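For reference, the chains in residue letters:
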Amino acid sequence: MNILKTTLCCALVFGFGASDAFAQKTQTASAKTPKAPAVTGMTYHKARKIILARGWKPYRSIPENEVAANTDIKSGNGAEFWKRGYVEVEACSGTGEAPCAFEFRDAKGNRLRVITKGEENPKRKSFAIVSDVEVVPAGR
């Protein structure tokens, strides 16, 4: 009976130890991934300044020679953002809430995805607002 108790006790101890080691590894991996900047609800222009100040770099996913023919950039607010030099714009829709997607990268290869909603029309003092921000860890 003592052997059974000893075996059970060891299994529980080693099981918790392995579980604890797994938890530490998971926490360490997530600790390396930066937090998304708290820019939801801001105009994209204000949010962009904060994102750049935190060390994120605009990621140009569309080559210069493909911009004129790219319907993802020509739709909705895309042309307005591109005209401002926001090369990180990936795609915009001209329908519904006029969403746009933007991408930034950091030195470690993490990606920051930013989504906006709303019309971008400076003449009418109407600006797209950040609706979602997500960090995608490097390698995913």
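Residues numbered from 1 in each chain as written. Predicted model: local features only at pLDDT ≥ 70, side-chain atom pairs only at ≥ 80, totals over all residues. Heavy atoms only, no water.

K.L.:
Please set out the pattern of salt bridges residue by residue, giving values where relevant.
P.N.:
All told, the structure shown has nine salt bridges when counted by the stated rule. Residues arginine 84 and glutamate 120 are paired through a salt bridge, measuring 3.7 Å at the closest nitrogen-oxygen approach. Residue arginine 84 is located in the loop between α4 (78-83) and β2 (89-92), and its partner glutamate 120 is located in the loop between β4 (111-117) and β5 (129-136); the two are separated by 36 residues in the primary sequence. By relative accessible area, which is 5% here, glutamate 120 ends up buried. Close ionic contact of arginine 124 with glutamate 119 constitutes a salt bridge, the shortest N to O distance being 3.9 Å. The exposure class assigned to arginine 124 is exposed, which follows from its relative accessible area of 63%. (Salt bridge = Lys/Arg side-chain N within 4 Å of Asp/Glu carboxyl O. Helix = DSSP H or I, 4+ residues; strand = E, 2+ residues; numbered from the N terminus. Buried < 20%, exposed > 50% of the residue type's maximum accessible area, 1.4 Å probe, protein only.)

K.L.:
Can you lay out the environment of glutamate 120 for me, pointing to particular residues and giving the numbers?
P.N.:
C-alpha of glutamate 120 to C-alpha of asparagine 77: the two residues are 43 residues apart in sequence and 5.8 Å apart in space. If we skip the residues at most four places from it in the chain, glutamate 120 touches His45, Asn77, Glu80, Phe81, Arg84, Ser126, Phe127 and Ala128. Polar contacts involving the side chain of glutamate 120 include one to the side chain of histidine 45, which spans 2.4 Å. (Contact = heavy atoms within 4.5 Å. Polar contact = N/O pair within 3.5 Å; in protein donor to acceptor, adjacent residues only side chain to side chain.)

K.L.:
I'd like a rundown of the pairing of strand β3 (residues 100-105), residues and numbers included.
P.N.:
Here β3 lies mainly inside the structure; five of its six residues are buried. In this sheet, β3 lies alongside strand β1 (residues 57-58) in antiparallel orientation, the contact comprising two bridges. Its bridge partner lying in β3, lysine 57 is registered against arginine 105. Here β2 runs beside β3; their pairing, made up of three bridges, is antiparallel. Looking at β3, one finds that valine 89 is bridged to phenylalanine 102. Bridge count between β3 and β4: six bridges; the pairing is antiparallel. Along β4, the bridge assignment pairs arginine 105 with arginine 111. (Pairing = 2+ DSSP bridges.)

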